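Next come the chains, spelled out residue by residue.
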2 protein chains.
Amino acid sequence: MLNQIETLKPRMRKSERKVADCVLAQPDTVISDSIAALAARAQVSEPTVIRFCRALGCDGYQDFKLRLAQSLASGVRFVHSVVAPDDAPRQVVAKVFDSAVASLLRTRAQLDTAAIERAIDLLASARKIEFYGHGASGIVALDAQHKFFRLAVPTVAYIDAHVHSMSAAILEPGDVVVAISHSGRSKDLIASVQVARAAGAAVVAIAAAGSPLAELAHATISPAVDEDTSTYIPMSSRIVDLVIVDVLAIGVALRRGPDLVRRLEKTKTTLMEKHLS
Amino acid sequence: MLNQIETLKPRMRKSERKVADCVLAQPDTVISDSIAALAARAQVSEPTVIRFCRALGCDGYQDFKLRLAQSLASGVRFVHSVVAPDDAPRQVVAKVFDSAVASLLRTRAQLDTAAIERAIDLLASARKIEFYGHGASGIVALDAQHKFFRLAVPTVAYIDAHVHSMSAAILEPGDVVVAISHSGRSKDLIASVQVARAAGAAVVAIAAAGSPLAELAHATISPAVDEDTSTYIPMSSRIVDLVIVDVLAIGVALRRGPDLVRRLEKTKTTLMEKHLS
DNA sequence: ACTTTTTTTGTAGTTGTACTACATTTCTGC
DNA sequence: GCAGAAATGTAGTACAACTACAAAAAAAGT
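Residues numbered from 1 in each chain as written. Chains lettered and ligands numbered in written order. Predicted model: local features only at pLDDT ≥ 70, side-chain atom pairs only at ≥ 80, totals over all residues. Heavy atoms only, no water.

1. As for the pattern of salt bridges
Argument step 1. Across all of its chains, the model carries 24 salt bridges over all chains by this definition.
Argument step 2. One salt bridge in this structure joins Arg238 of chain A and Asp143 of chain B, with 2.5 Å as the shortest N-O distance. Residue Arg238 of chain A is located in helix H13 (residues 236-256), and its partner Asp143 of chain B is located in helix H9 (residues 136-148); the two belong to separate chains.
Argument step 3. Taking the relative accessible area as the measure of exposure, Arg238 of chain A reaches 3% and is therefore buried. (Salt bridge = Lys/Arg side-chain N within 4 Å of Asp/Glu carboxyl O. Helix = DSSP H or I, 4+ residues; strand = E, 2+ residues; numbered from the N terminus. Buried < 20%, exposed > 50% of the residue type's maximum accessible area, 1.4 Å probe, protein only.)

2. Digging into the nonpolar core
Argument step 1. Counting residues in each nonpolar core, the largest one holds 90 residues, and the members touching the most others are Leu104, Phe148 and Leu248 of chain A together with Leu104 and Phe148 of chain B.
Argument step 2. Other than its neighbours up to four places away in sequence, Phe148 of chain A contacts Leu123, Ile129, Phe131, Val153, Thr155, Val245, Leu248, Ala249 and Val252 of chain A.
Argument step 3. Counting 51 residues, the second largest nonpolar core, distinct from the first, contains Val19, Leu56 and Leu72 of chain A together with Leu66 of chain B. (Core = buried A, V, L, I, M, F, W, Y, C linked by side-chain atoms within 4.5 Å. Contact = heavy atoms within 4.5 Å.)

3. As for the sheet that holds strand S5 (residues 219-221) of chain B
Residue and element names in this part refer to chain B.
Argument step 1. If you walk across this open sheet you meet the 5 strands as S2-S1-S3-S4-S5, and the pairing is parallel. Two strands lie at the open edges of the sheet, namely strand S2 (155-158) and S5, each paired on one side alone. Here the strands of the sheet are splayed against their neighbours by 15 degrees on average, with no regard to which way each runs.
Argument step 2. Across 4 bridges, the pairing between strand S1 (residues 128-133) and S2 is parallel. Note on S2: the bridge partner recorded for Phe131 is Ala157.
Argument step 3. The strands touched by helix H8 (residues 113-124) within the sheet are S1, strand S3 (175-181), strand S4 (202-207) and S5, with S5 carrying the most contacts at an inclination of about 125 degrees.
Argument step 4. Contacting S1, S2 and S3, H9 crosses the sheet at an angle of about 160 degrees to S1. (Pairing = 2+ DSSP bridges. Axes fitted to C-alpha atoms, helices over the stretch in contact; angles between N-to-C directions.)

4. Comments concerning unusual backbone geometry
Glycine aside, residues mostly have negative phi, and peptide bonds are mostly found in the trans state.
Argument step 1. Positive phi is not limited to glycine here, since Ala152 of chain A has a value of about 65 degrees.
Argument step 2. Although it is not a glycine, Gln43 of chain B adopts a positive phi angle of roughly 60 degrees.
Argument step 3. Tracing the sequence through the fold places Gln43 of chain B in the loop between helix H4 (35-42) and helix H5 (46-55).

5. A few points about the protein's contact with DNA strand D
Argument step 1. Residues in contact with DNA strand D amount to 17 residues; listed here are only the nearest, Ile35 and Tyr61 of chain A together with Arg13, Ser15 and Pro47 of chain B.
Argument step 2. The sugar and phosphate moieties of DNA strand D supply 67% of its atoms located within 4 Å of the protein.
Argument step 3. One of the side-chain N or O atoms of Arg54 of chain A is found 3.2 Å from a phosphate oxygen in DNA strand D.
Argument step 4. In the environment of DNA strand D, a base nitrogen lies 3.1 Å from a nitrogen or oxygen atom belonging to the side chain of Arg51 of chain B. (Near = heavy atom within 4 Å. Polar contact = N/O pair within 3.5 Å; in protein donor to acceptor, adjacent residues only side chain to side chain.)

6. Section: the pairing of S1 of chain B
Residue and element names in this part refer to chain B.
Argument step 1. Of all 6 residues in S1, 5 are buried, a share of seventy percent or more.
Argument step 2. In the sheet, S1 pairs with S3 via 6 bridges, with the strands oriented parallel. Considered in S3, the bridge of Phe131 is made with Val178.
Argument step 3. Each parallel crossover has a hand, and for S1 linked through H9 to S2 it is right-handed. (Right-handed = clockwise from strand over helix to strand, strands pointing away.)

7. Topic: the protein's contact with DNA strand C
Argument step 1. Inspection of the region around DNA strand C gives 18 residues, with Arg13, Ser15 and Pro47 of chain A together with Ile35 and Tyr61 of chain B positioned closest.
Argument step 2. Backbone atoms, meaning sugar plus phosphate, form 67% of the atoms of DNA strand C positioned within 4 Å of the protein.
Argument step 3. Contact between DNA strand C and Arg54 of chain B: a phosphate oxygen at 3.3 Å from a side-chain N or O atom of the residue.
Argument step 4. Sorting the residues of the surface near DNA strand C by element identifies helix H2 (14-25) and helix H5 (46-55) of chain A together with H4, H5 and helix H6 (61-73) of chain B as the ones contributing at least two each.

The structure is reproduced here in structure tokens:
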């Protein structure tokens, strides 16, 4: 939220910017202020404050205050959440954790529950599940495989374009492909998904909304991540993807019912032997 | 906040309890409701709603809404955050995300900054970095490798006990092993770490505090995760591990300075070619 | 350089919301 | 069953949020 204000500030008019400065200077104070109080502090008129709220995409002042309060509560305080070269380790920790938390909360707020439900339906009744992804999304695919195979579903993960294109060709109706690509624009992935669809398989995408991959899928789940494609490495994105996979896995697990729980217990005890007491 | 309402509910009067039920049932809706709307839904009069707010120690309805909004944003919203078999998809989403966020915030609060700094020191000056982990932690190891190799450091990840025990034997002083095990009790991993230490390599552990693995390492970073070893699959644990790896990677990147940033830009443009416009 | 048009900002007024004082109802103890 | 106390609702008030409009400032055109 504070980031958003910072971002939109240059596009604002002079007097609205005064309001923005006031909010950024002492966000905590603002959430208990009335319009009049904030207007006085920013030395502008009351409607200007309202216009400022509207410029941020809020319904009005109340809505603005609510959103601000929420964003402050999550501890995500840094206006520039991008790490700077001269940050102390303590700050780096805070910023990285905060940006992960912020991405998660944002995604939770705007996640398409209907799509989740559709995806769970498909996965729960799948004969076989294949996860495709490259690079960072490849890790997510591996993680998903690791989670789903415990649910006693035949599952594989492919992170190689040639391999998944071949595998996609021999899919059959009843099989499900989960295609993971943060941008949703990976050429190789899209090609394999098209092959999979032609073979009659269902497709679940974890990809940016409106992307080519999203359009191709029977159910698309889109993580909400910052636009600032950071100079460093995509990070929060994978975290969100992983949690989405968690949701799907648990959703499927719940469908499978109690006998699955028993089976999970069994894998757990087997694992114990690999550990020290 | 919701917990507080739950706690205070028995001490409330009958009609105030109706309001409490309404708030607990759909907290999200309430934050955008007016007094009149909430009163109508709870089938009580408007002053009753205000009395309800006062009973919770709030100044009034606005204050109540603000606090509620904050507590909802900060994560752990469900009184029992463990997923139940009869949860609706919407609830599953909320609970899974919430538990991830809660784990992250908890870890951020109690992370050992000194250990982080020591780990970054070791990694930044490493000649070669090897990541070891099994199962879910194996995914974390792969992810770490994927992140660190972009920092132009010779890096590998091993998720096989035989392989990493062999590799550990041929390490030299100046090399760094990052051992990832959530419990910190994996026999195979501990064995390889001992071999690595004998060979003169430095060891960074991402493991539970006080565990055997933690004792063996030069720097140990411990995630804070729920004790409730869920019936289902370990989930939040990996998320926290991944974010810790993010912190380490960024810490190292910052040490490396601006020439690294240029190199990262290069990998980015190369990747573009694999994508659709 | 002056006028016209557009944009930006403030003023005054309206609506609706939160809150208060008081009346009515409901419960409890004698 | 009645008196007192507690709880709930009704009616009214004050104030906050928002709107319509007008004045001022800036931008564009002549």
